[in-house]
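# Chains, contacts and geometry: an overview
Take a look at the letters that make up each chain.
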Amino acid sequence: SNAAENGVTIDLVGTWSDLNPDDRYDVVVANILAPVLLDVAPWVIQHLSPNGIVILSGIRDTQIERIRSAYKSLTEISLASDDGWVMMVLGRRED
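### Quick word on the pattern of salt bridges
- The tally for this structure, following the rule as stated, stands at two salt bridges.
- Residues Glu-65 and Arg-68 are paired through a salt bridge, measuring 2.6 Å at the closest nitrogen-oxygen approach. Of the two residues, Glu-65 and Arg-68 both sit in helix H3 (residues 64-70), three residues apart, roughly one turn of that helix.
- Exposure remark for Arg-68: the relative accessible area of 27% places this residue in the partly exposed category.
- The partner of Arg-68 in a salt bridge is Glu-76, with the nearest N and O atoms 2.7 Å apart.

### Some details on the environment of Val-89
- Relative to the helices and strands, Val-89 resides in strand E4 (residues 85-92).
- Here the alpha-carbon distance between Val-89 and Val-28, two residues 61 residues apart in the chain, equals 9.9 Å.

### Some details on the confidence of the model for the protein chain
- Across the protein chain, the average pLDDT comes to 87, with 82% of residues at or above 70.
- Within the protein chain, helix H1 (residues 2-5) has the poorest average pLDDT of any element, 67, and H3 the best, 97.

### Describing the environment of Asp-23
- Inspection of the secondary structure assignment puts Asp-23 in the loop between H1 and strand E1 (25-31).
- Classification of Asp-23 as partly exposed rests on a relative accessible area of 31%.
- Along the chain, Asp-23 and Gln-46 lie 23 residues apart, while their C-alpha atoms are 9.8 Å from each other.

### Quick look at the packing of aromatic side chains
- Tallied over the full model, the rule gives one aromatic pair.
- Judged by centre distance (6.1 Å) and plane angle (35°), the ring pair of Tyr-25 and Trp-43 falls under tilted. With Tyr-25 in strand E1 and Trp-43 in helix H2 (residues 34-47), this pair connects stretches of sequence that are 18 residues apart.
- Here Tyr-25 falls in the buried class, since its relative accessible area comes to 13%.
- Lying across the ring of Trp-85, Arg-60 places its NZ or CZ 4.3 Å from the centre.

### Looking at unusual backbone geometry
- At Asp-83, a residue that is not glycine, the phi angle is positive and equals roughly 55°.
- When its relative accessible area of 69% is taken as the criterion, Asp-83 is described as exposed.

Rules of the game
Residues numbered from 1 in each chain as written. Predicted model: local features only at pLDDT ≥ 70, side-chain atom pairs only at ≥ 80, totals over all residues. Heavy atoms only, no water. Salt bridge = Lys/Arg side-chain N within 4 Å of Asp/Glu carboxyl O. Helix = DSSP H or I, 4+ residues; strand = E, 2+ residues; numbered from the N terminus. Buried < 20%, exposed > 50% of the residue type's maximum accessible area, 1.4 Å probe, protein only. pLDDT = per-residue confidence, 0-100. Phe/Tyr/Trp six-rings, centres within 6.5 Å; stacked < 30°, edge-to-face > 60°. Lys NZ or Arg CZ within 6 Å of the ring centre and 35° of its normal.

See the structure below:
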């Protein structure tokens, strides 16, 4: 109800196969392991709206450079680490 009160539409999707290939998303949240984040990077980047953000977690600190490389067309907004696990927030780069 908070989303509706603020004029926000939330589409919750359970799996990648449920996504419409023609849609663009303002926010993508993916809490899955790094190999999957690497596999879906091209799709996430392609379907992120012009002012969209991506929140990625499930990344070990030893994997962060591979994730950065896969999502390099996006701007890193923030990075948080806890006990060897990393959460990264990225946004569409404004050129």
